[in-house]
Amino acid sequence: MARNSNPARASCVCGAVQITMHGRALSRFYCHCSICQRLNKAPFGDPVFVWRWNVHVEDPTQLTWKRYRWLPINLNRGTCQTCGTLILEHLAATPMSVVIGRAWEDPQLLPPAWGHIFYESRVADVDDGLPKRSGYMSSELAAFGWNLAGMFGRS
Ligand SMILES: [Zn+2]
Ligand SMILES: [Zn+2]
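Residues numbered from 1 in each chain as written. Chains lettered and ligands numbered in written order. Predicted model: local features only at pLDDT ≥ 70, side-chain atom pairs only at ≥ 80, totals over all residues.

J.: Go over the confidence of the model for the protein with me, naming the residues and quoting the values.
T.: Per-residue confidence for the protein gives a mean pLDDT of 92, with 93% of residues at or over 70. Between the elements of the protein, mean pLDDT differs from a low of 48, seen in helix 1 (residues 2-5), to a high of 98, seen in strand 11 (residues 116-117). (pLDDT = per-residue confidence, 0-100. Helix = DSSP H or I, 4+ residues; strand = E, 2+ residues; numbered from the N terminus.)

J.: A description of the sheet that holds strand 6 (residues 55-57) should follow, citing residues and the corresponding values.
T.: Spatial ordering of the open sheet is given by 1-2-6, a layout of three strands whose pairing is antiparallel. In the strand order of this sheet, the two ends are held by strand 1 (8-11) and strand 6, each with one partner. Put simply, the sheet's adjacent strands are angled 20° from each other on average, direction ignored. (Pairing = 2+ DSSP bridges. Axes fitted to C-alpha atoms, helices over the stretch in contact; angles between N-to-C directions.)

J.: Can you tell me about the pairing of strand 5 (residues 47-51), naming the residues and giving the values?
T.: Within a regular beta strand, the side chains point alternately toward one face of the sheet and then the other, so they alternate between its two faces. The buried fraction of strand 5 amounts to four of the five residues, a majority that puts the element mostly inside the structure. Bridging between strand 5 and strand 10 (residues 96-100) involves five bridges; their strand directions are antiparallel. Across the sheet, residue Val-50 finds its bridge partner in strand 10, namely Ser-97. (Buried ≥ 20, exposed ≤ 12 C-beta atoms within 10 Å, placed from the backbone.)

Encoded structure:
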């Protein structure tokens with residue numbers, strides 16, 4: 001598919017952080033937890049999972065890193081020093097990274113989201129026909145399953 005050939009690009013609101021991504025995205029879902037709401041300054045987080053070696057940051061000095069514990073995984077979250085946009089996350093102890101979906105320049109290159117997690121803390125109902133998972137265990141298991149399926153090639 002066309003998705004695999006062109007590198008996709010993402011950038012923060014002010015344009016200081018420019019990211020190029022090769023290869024295919026692994027998975028994508030929406031996270032309605034309060035941390036994602038706050039850090040994304042949006043009703044929900046929109047993580048798109050990719051292999052770390054496929055992500056190229058043109059000027060890494062533009063990013064500020066903070067470590068968050070997003071049980072059961074540790075996450076390093078990279079925001080733009082200038083505009084504060086959360087754009088890139090590295091998952092500790094895995095070769096996966098996240099490039100936030102709303103930062104992608106061409107929405108056509110984004111993979112479809114597989115569902116919603118931590119739906120109980122949603123700001124508003126989402127009527128998109130995708131699976132909705134509420135509660136900690138159910139949300140974590142869904143995210144884990146979607147990422148695992150993404151790693152092994154379902155798309
Ligand atoms: Zn910026
Ligand atoms: Zn979240």
